[in-house]
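So the chains spell out like this:
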Amino acid sequence: MLAHKHYLMAVALVVASLALAWLAMRAALNVENPVYAVYSESMVPALELGDVAIIRNGPGYSFHDLKAGDIIIFHTDDAGGRVIIHRVVEIYADVQTGERLVKAKGDNNLQSYEGLDYPIRENDYYGKVVGVIPKIAILSANLNPAIFG
């Protein structure tokens, strides 16, 4: 019975540690969700299927700090809305409003697609990719294939 109690305490400690690490990561990277799985080949060779991208927002990583060549994660409203990981290829201003807009493209795509890759507005922007954990999302896919489906 005592071993069972120690086991439960150890599991509780691991869960609490992971939760604390998650909260600390969110705060340090200034984003709601700091990790995203790569589930398409649009960014090959920079990002491979199954990689996990780590993003950051805030000072030095904000929408207004972006430059061509940065890899970003953003939301698009096409086809019901998706989260996309692509590279910034152009920064421009709306001719009527002067609003800063971004155009992106997947490294493995032939072109940028209007409504998908542009225009990207500040409220579409989640963060800039600051790190990659190779192939770790494959473990999640094997445990829960719905992540990629």
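Structure shown above.
Note that the structure is a prediction, hence the values are computed from the model and not measured.

### Remarks on the overall build of the protein chain
Along the protein chain, the regular secondary structure elements total two helices and six strands. Relative to its full complement of 149 residues, the protein chain shows a buried share of 30%. Relative to all contacts within the protein chain whose residues are 6 or more apart in sequence, the contacts with residues 24 or more apart total 55%. About 9,100 Å² of surface is accessible on the protein chain, with carbon and sulfur atoms providing 61% of the total.

### Structural notes on the nonpolar core
Core analysis: the largest hydrophobic core is formed by 13 residues, its most contacted members being L47, I55, I71, I73, I85 and V129. Secondary-structure elements contributing two or more residues to this core are β2 (52-56) and β3 (71-76). With three residues, β2 is the single largest residue contributor to this core. Excluding residues within four positions of it along the chain, I85 makes contact with Y36, A37, V38, S42, M43, L47, A53, I71, I72, I73 and V129. Within the second largest apolar cluster, eleven residues are counted, among which are L66, I72, V88 and A104.

### Thoughts on the packing of aromatic side chains
Summed over the entire model, instances satisfying the criterion amount to two aromatic pairs. Above the face of the F63 ring, R100 is positioned so that its terminal group lies 5.9 Å from the ring centre. Geometry around Y118 places K103 over its ring, the cationic atom sitting 4.6 Å from the centre.

### Observations regarding the side chain of D124
As for its position among the elements, D124 is in the loop between β5 (100-105) and β6 (125-133). Despite its burial, D124 pairs with no opposite charge; the closest candidate is R121, at 5.2 Å N-O. Leave out the neighbours within four places in its chain, and D124 touches I73, F74, H75 and P119.

### A closer look at a nonpolar patch on the surface
Nonpolar side chains collect at one region of the surface, where Y7, L8, V11 and V15 lie side by side and expose about 390 Å² of accessible area between them. On the basis of relative accessibility, which here comes to 36%, the residue V11 falls in the partly exposed class.

### Concerning the sheet that holds strand β4 (residues 82-93)
The strand order across the open sheet built from six strands is β1-β2-β6-β3-β4-β5, with neighbouring strands paired in antiparallel fashion. The open sheet is flanked by β1 (35-37) and β5, the only strands paired with a single partner. Strand-to-strand twist in this sheet, taken as the mean axis angle between neighbours without regard to direction, amounts to 50°. Pairing geometry for β3 and β6, over three bridges, is antiparallel.

### Details of the pattern of salt bridges
Scanning all chains against the criterion turns up four salt bridges. Here D70 makes a salt bridge to K128, at a shortest N to O gap of 3.4 Å. One end of the pair, D70, is in the loop between β2 and β3; the other, K128, is in strand β6, with 58 residues separating them in the sequence. Two residues, E99 and R121, come together in a salt bridge whose shortest N-O distance is 3.2 Å. You can see E99 sitting in the loop between β4 and β5 and its partner R121 sitting in the loop between β5 and β6, a full 22 residues away along the chain.

### Here we look at the layout of surface pockets
Approximately 210 Å³ is the volume found for the largest pocket. Lining the largest pocket are 13 residues, with Y39, S40, S42, I84 and H86 positioned closest to its centre. At five residues, β4 tops the list of elements feeding residues into the lining of the largest pocket. Grouping the constituent residues of the lining of the largest pocket by class yields eight nonpolar, four polar and one charged.

Thresholds, definitions, all that
Residues numbered from 1 in each chain as written. Predicted model: local features only at pLDDT ≥ 70, side-chain atom pairs only at ≥ 80, totals over all residues. Heavy atoms only, no water. Helix = DSSP H or I, 4+ residues; strand = E, 2+ residues; numbered from the N terminus. Buried < 20%, exposed > 50% of the residue type's maximum accessible area, 1.4 Å probe, protein only. Contact = heavy atoms within 4.5 Å. Areas by Shrake-Rupley, 256 points an atom, 1.4 Å probe, with all protein chains shown as cover. Core = buried A, V, L, I, M, F, W, Y, C linked by side-chain atoms within 4.5 Å. Phe/Tyr/Trp six-rings, centres within 6.5 Å; stacked < 30°, edge-to-face > 60°. Lys NZ or Arg CZ within 6 Å of the ring centre and 35° of its normal. Lys, Arg positive; Asp, Glu negative; His and termini not counted. Salt bridge = Lys/Arg side-chain N within 4 Å of Asp/Glu carboxyl O. Patch = residues over 30% accessible without salt bridge, like charges linked within 9 Å, V, L, I, M, F, W, Y side chains within 5 Å. Pairing = 2+ DSSP bridges. Axes fitted to C-alpha atoms, helices over the stretch in contact; angles between N-to-C directions. 1 Å grid on protein atoms, 1.4 Å probe; cavity = no way out; pocket = protein on both sides within 12 Å on 5 of 7 lines; lining within 4 Å. Points joined across faces, edges and corners; volume = space filled by probe spheres on them. Nonpolar A, V, L, I, M, F, W, Y, C, P; charged D, E, K, R; others polar.

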